[in-house]
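Listed here are the chains, written in short residue letters.
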Amino acid sequence: MIARAIAGLALTTALLTPSIALGQDPSHEKGSDEAAEDDDVARARGLFREGAALAEQALWAQALERYERADALAPHASIAFNMGVCERALGHGTRARRAFELALKRDAEEPSLPESMRTSLEGYQREIDELMATLTVTLVPATATITVDGRPLTRRGKHWVAGLAAPGPATSVQRKRFVIEADPGLHVIVVSSPGFENVVLRETLANGARERRDLTLARLPGELQISADREGAAVSVDGLDVGLAPVALRRPAGAYHVEVRKSGFEPYLADVRLEPAAEVALEAVLAPEEIGLHERWWFWTSVGAALAGAAVVTYFVVRPEPTQPPLDGGGLGWTVRVP
Amino acid sequence: MDRARAVKSALPLLLLVGCQAPIPPRPEALVVVSTDLPVLDLSARLRVDVFDDEGVWRTSNDLARPDPGDWPVSFSVFTDEGPSRAWLRLRVYPEGGTRRYEGERFSDVGGAFIEPAPQTRLQLIENDRDVTPELEPHPLVTVDRLVAITLEPERRGRVLVALRADCAGTMAQWPDDGRGPNTQSETCIDTWGQRSPTPLAEVEDEVFDRDAPSLPELAAPCSGDTKETHACIPGGATVLGSRELALTPGLPTTPERLLQLSTYSIDRDEVTVGRYRAALAKGHVPVTPVIANAGPIESAVDATSCTWSTDDLGREDHPLNCVSWDEARAFCQFEGGDLPTEAQWERAARRGVDVGRSRYPWGQDTPTCERTVHARWPLAGAPGVCQHLDRRPQPIRAAAGDVTLDGVHDLGGSVQEWVLDGYLFYDGEAWGAAGLHDPSVEAANLLGSQTVRGASWPAPPTFLNSAVRTGIEASGRAPFLGFRCAYPEPSP
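Because the structure is a prediction, the values reported are computed rather than measured.

Description of the overall build of chain A
A tally of regular secondary structure across chain A gives seven helices and 17 strands. Across the 339 residues of chain A, 34% fall into the buried class. Residue pairs in contact within chain A that sit at least 24 positions apart in sequence constitute 56% of those at least 6 positions apart.

So, in C-alpha cells, the structure goes:
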C-alpha cells in the first residue's frame, strides 16, 4: 500500500516539475529598467526565483511560502499559477483550485499568462474537479457548528469548501442539508452544538467520492442536584421517590416537580426546568411545622384535664389504629411498592 | 343476670377492646446489590428497573454510585399485603456508558447491534405521564441482571444480588411481547455468554444487614519484579474503545467493550534497528524482508526514510519501520512473545493516570510538538503542526514526555505500531465471539487489514488519542509504521 502511495507521489512530482519550469517570472514584465522598480517588486522577484528553485527540488511547501510572500508584495497571475501548482503537489486540491481561479481572474483583467500555461491551468482545474470529494451532510440540529481539520468552511456558490480558511472558530452553516467539498484523503470533522454531544468523524475520502453522512447529535441530559438543610429528608421527583437528600440525578431535559419531605417540617416543593447538559442545584430549606395557638402548652393544660376523662372513654370505645412497622429502605432510603 | 355476673361477663370484652393487637409488617425485601467491578472506572452508576408480575414497568431509577463507599447499594421492594412478585432488572455501568433507548434490543452474546422491533419498546407511565428513560446502559459495558422476588405476607428480609464482571455484555432477555420480564426471562448469573432462567431470590428472613459478603478481587497485580526492557501491566477489568470519537467507517473506536485481561508485559520501547540486528544474529529468519535503506534517512515519506540498513549505519537506536505485519509478528514470537492484542496495547497506553483511563499515554495534557514526535508532515490538506521540526523518523525516547506511568515509551508518537488483531468493528461478530477474557481477533478483515495503533512522526495529533485505531494491509511496509512486543507474565 505504501509502495503505491510512494509511487504516486513520485509520479506527481515528475509531472509537476516542468510546470514550475514553465512558470513565468512576473518581474520580466517590468522590463530592464530594474533601477526604477520599487523595493517590493525587487524583493518579489527574488522570492519568486527562490520559490522556483525550491519547486524544482520538489520542496513544495517551502516553494509555496516564497510564492505567497512574493504575491503579497507584487500580486501577479503567474505567481498565483505557481502557488496553485505547489498546492496541488501538496495534495491541497481546494486551495490549488482557488489559486488557479485567482490566476485566471488576474489574467482576465490584465492578460499575462502564455497560452501554454493557460492550457495547463485549465487541465489542472479539470483534474481537481474530478478528484474533489463531496460530502453531503444532513445535520441535526441545523444550528450546530462544524470544522474540518480544525478549520471553518468557506462558502463557494451553493457548496461549502474545506481546507481554505485558516484554523479558527467553527462554521455555523444554518442549514439542515448541505454539501462540503474537500480534498481526497483523511479528514477530521468536528460537529458541536451547545446542549448536545460532540461528534468527531474521521473520514477518509476517496478520489471523486460522493459520500453522505447523517449527523444527528445526541441531546445531553441534565443533572438535577437536590440537597436539604436537614438530614434524612426524602426527595421525590414527579412523585417518584429517588432517595434521601443529597441526591444527584441525570434526567432528560424537561420540567420536573421536586418535593423534599421530612417529618416535623414543612415540605419543600419546587418546579424546575432542566436544560440539556445543564446542572440545576436545589437546596431545600425545611422550615419546622408551625404550631397553632390551639397547640400551645397552656391551651392543652387548660383543656387537657377536661378532655382526659373523655379521652380515656374514647380510647376504650374507639380502638386506635395500631402502627405498622416502618419499611427499611436500605442505604438509599428508597422503597418501591409493587401491587 | 345479676349485676355481679354482668360485670364479670363484660371484663374480658373490655380487656379485649383495650389491648392493642400489633399490625403485621408489610411484606418487604431489602435488596443489597454488590459488584466485583472497580467502582470509579466501571461501575459508577446503577440502573434499577422494577416490573410487577404482569410485566408492567413500575419504576426506574438511575443512581450515581461513584465512590467505593457507595457500595453495596441497598433499597427495599414492598407490597401492601402480598403475596406478590417483583421483577428487578439491575444494571451496573460506567458513567456515560449509555445509548438511546429505542426498545429492547435482545442480541446475541457479544452485543452485535440489533435494531429493536417497535413493539419491544416498553413504556414507563407515572401519573399518566410517559417518563420512559431516554437512555439505557450500553450492554457492552454493562453487567445486566434480572432478579425475581416473591413478597409473602408477613415476611421481611434481605436479598443479596451480585453483579459480576463475568456477565458483562450478556444481556438479560425475555419474550418480546411488549411487556417486561416474566417466568420465561433469562439472565446471566456468573458466566460470560450463558443465561439461565431468572432465579427466584432467596429472602433471608428478618435479616436487615446492608453489607454484603465481599466478592473475589478481579485485579491481578504484577509480581513486583521490574524489568529494564519491558513493563508489567496488571490484569483486571477494563474498557476497550472510546465514545469520545464517534463511530465512523474510518475510526471505529465505539462501542466501548468491557473486558478482562490477564497480567502481561509489554516492551518499554518500540523494537529498534539494533534489536532487530541482534535477533538476526541470534538466528531469527525473516518471513518477509524489512525494506533496507543503504543511504541516510531522508526527510520524506517514502523508502528513503526507512531506518533498517544491512550494515550498521549508526542508527541502531531508531525504531524499526518499513516492516510487514507478518515479519513483526514473527520477530515477536522469536523473542518469546507476540504482537500485543488491541486490548493489551490500549490498556498499556491508557495508564497515564493513577485512576481511570487517560486520553493519551502520558495523561490528559494536550499534545505538544515537544512532548511527542508527531505531525511533522502535512497530511490531507492539514499542515503538519510540528513540521518545523526534523521531518524524519526519530530515535526511540526522542521525546521524553511520551511515557506512561508504567514506563512504556513512545506509545503516542514516533512510529505507529502493528497489533495482533485484524481491523474489525468492535460490535461485529468476530469481537462478539472473542469473548470477555483476553479477547483477540487475529483474522484480518475482508480487505486484509490488520489494526495499527498510535500516531507517528508524520501523523496528525488526532492519532495520539490512545483509543484511535486504523487498518493497514498486513503486507504494508511503511516508514511511519513499526511495532513492539508483548509477553505473558511472568515474562521471559
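The discussion continues.
Looking at the overall build of chain B
Looking only at helices and strands, one finds six helices and 23 strands in chain B. For chain B, with 492 residues in total, the buried portion stands at 53%.

Things to note about helix α5 (residues 342-349) of chain B
By the criterion of burial, α5(B) is predominantly enclosed, with eight of the eight residues buried. Taken residue by residue, α5(B) has E342(B), A343(B), Q344(B), W345(B), E346(B), R347(B), A348(B) and A349(B) as its buried positions.

A closer look at the packing of helix α4 (residues 77-89) of chain A against helix α5 (residues 93-109) of chain A
All names here are of chain A. Packing of α4 against α5 leaves a shortest axis separation of 8 Å and a crossing angle of 165°. When the interaxial angle is binned, α4 and α5 end up roughly antiparallel. Here α4 runs over α5; the crossing is left-handed. Along the contact surface, α4 presents A77, A80, F81, M83, G84, E87 and R88, while α5 presents G93, R95, A96, A99, F100, L102, A103, R106 and D107.

Some points on the interface of chain B and chain A
In many analyses, interface size is given as the accessible surface area lost on bringing the parts together. Taken together, the contacts link 54 residues of chain B with 46 residues of chain A. Taken together, the elements giving at least two residues each to the side of chain B that touches chain A come down to α1 (3-18), β1 (28-35), β2 (45-52), β3 (57-64), β4 (73-78), β5 (84-93) and β21 (469-473) of chain B. No other element matches the six residues that β4(B) contributes to the side of chain B that touches chain A. Partitioning the side of chain B that touches chain A into residue classes produces 29 nonpolar, 14 polar and 11 charged.

With respect to the sheet that holds strand β11 (residues 156-163) of chain B
Pairing within the open sheet is mixed, and its five strands lie in the order β17(A)-β4(B)-β1(B)-β11(B)-β14(B). Of all strands in the sheet, those with a lone pairing partner are β17 (335-337) of chain A together with β14 (204-205) of chain B, marking the two edges. For β17(A) and β4(B), the ladder comprises three bridges, and the chain directions are parallel. Bridge pairing links T335(A) to S76(B) in β4(B).

Digging into the nonpolar core
Residues and elements named next belong to chain B. If you look at the biggest cluster of nonpolar residues, it comprises 63 residues, and the most contacted ones within it are V31, V77, L88 and I149. Both domains that meet at this core, namely domain 1 (28-205) and domain 2 (219-492), each give it at least three residues. Core analysis: the second largest hydrophobic core is formed by 55 residues, I266, V323, A348 and C386 among them.

Description of unusual backbone geometry
Glycine aside, residues mostly have negative phi angles, and peptide bonds mostly take the trans form. Cis geometry is adopted by the peptide bond preceding P141(A), which originates at V140(A) and carries an omega value of 5°. Within the secondary structure, P141(A) sits in the loop between β1 (133-140) and β2 (145-148). The residue after T254(B), namely P255(B), is reached through a cis peptide bond having omega 0°. Inspection of the secondary structure assignment puts P255(B) in the loop between β16 (236-240) and β17 (257-261).

Observations concerning the confidence of the model for chain B
Scored by pLDDT, chain B has a mean of 87; 89% of the residues are at 70 or more. The ipTM assigned to the predicted complex is 0.79, against a pTM of 0.60.

Some remarks on the pairing of β16(B)
All names here are of chain B. Of all the five residues making up β16, five are buried; the element is thus mostly covered by neighbouring parts of the structure. Bridge analysis of β16 against β17 gives five bridges, and the strand direction is antiparallel. Looking at β17, one finds that T238 is bridged to L259.

As for helix α3 (residues 273-282) of chain B
All names here are of chain B. Buried within α3 are the following residues: V273, R275 and Y276. For α3, the angular spread of buried residues about the axis comes to 165°, placing them on one side. In α3, the exposed residues that point more than 90 degrees away from the buried face are A278, A281 and K282. Each element contacted by the buried residues of α3 is listed here: α4 (325-334). Of the residues flanking the end of α3, it is G283, one or two places downstream, whose phi is positive at about 115°.

Describing the sheet that holds β21(B)
Residue and element names in this part refer to chain B. Taken together, four strands build an open sheet; the order of strands is β21-β20-β19-β22 and the sheet is mixed. Both outer strands of the open sheet, β21 and β22 (481-482), are each paired with one neighbouring strand and no more. In this sheet, β21 lies alongside strand β20 (residues 449-453) in antiparallel orientation, the contact comprising five bridges. Each bridged residue has a counterpart across the sheet, and for T451 the counterpart in β21 is G471. Across the sheet, α5 touches β19 (416-422), β20 and β21, and the angle it forms with β19 is around 140°.

Quick look at the confidence of the model for chain A
Within chain A, residue pLDDT values average 78, and 81% of them lie at 70 or more. Of all helices and strands in chain A, the one with the weakest mean pLDDT is helix α1 (residues 2-22) of chain A (28), whereas β17(A) scores best (92).

A few points about the pairing of strand β10 (residues 143-151) of chain B
Residues and elements named next belong to chain B. Judged by how many residues are buried, β10 sits mostly within the fold: eight of nine residues are covered. The sheet contact formed by β5 and β10 spans nine bridges and is antiparallel. For L90, the partnering residue across the bridge sits in β10 and is R145.

A closer look at the packing of α5(A) against helix α6 (residues 115-131) of chain A
All names here are of chain A. Contact pair α5 / α6: the axes reach a minimum separation of 10 Å and the direction vectors enclose 145°. Seen along the crossing, α5 lies across α6 with a hand that is left-handed. Of the residues in α6, those in contact with G93, A96, R97, F100, A103, L104 and D107 of α5 are R118, L121, Y124, Q125, I128 and L131. Looking at the contact of α5 with α6, its residues break down into eight nonpolar, two polar and three charged.

Overview of the environment of D144(B)
All names here are of chain B. By secondary structure assignment, the location of D144 is in strand β10. Sequence separation of D144 and T170 is 26 residues, and the distance between their C-alpha atoms is 6.9 Å. Other than its neighbours up to four places away in sequence, D144 contacts R91, P139, C167, T170, M171, A172 and C188.

Quick notes on the environment of V140(A)
All names here are of chain A. Following the sequence through the fold, V140 ends up in strand β1. In the structure, V140 is positioned 74 residues away from D214 in sequence and 8.2 Å away in space, judged by C-alpha atoms. Once you skip the residues sitting within four places of it in the chain, V140 turns out to touch K176, T216 and L217.

Criteria and cut-off values
- Residues numbered from 1 in each chain as written.
- Chains lettered and ligands numbered in written order.
- Predicted model: local features only at pLDDT ≥ 70, side-chain atom pairs only at ≥ 80, totals over all residues.
- Helix = DSSP H or I, 4+ residues; strand = E, 2+ residues; numbered from the N terminus.
- Buried ≥ 20, exposed ≤ 12 C-beta atoms within 10 Å, placed from the backbone.
- Contact = placed C-beta atoms within 7 Å.
- Axes fitted to C-alpha atoms, helices over the stretch in contact; angles between N-to-C directions.
- Parallel < 35°, antiparallel > 145°, perpendicular 65-115°, else oblique.
- Left-handed = near helix turned anticlockwise from the far one by under 90°.
- Nonpolar A, V, L, I, M, F, W, Y, C, P; charged D, E, K, R; others polar.
- Pairing = 2+ DSSP bridges.
- Core = buried A, V, L, I, M, F, W, Y, C linked by C-beta atoms within 7 Å.
- Domains from an automatic or database assignment.
- pLDDT = per-residue confidence, 0-100.
- Arc of directions from axis to C-beta.

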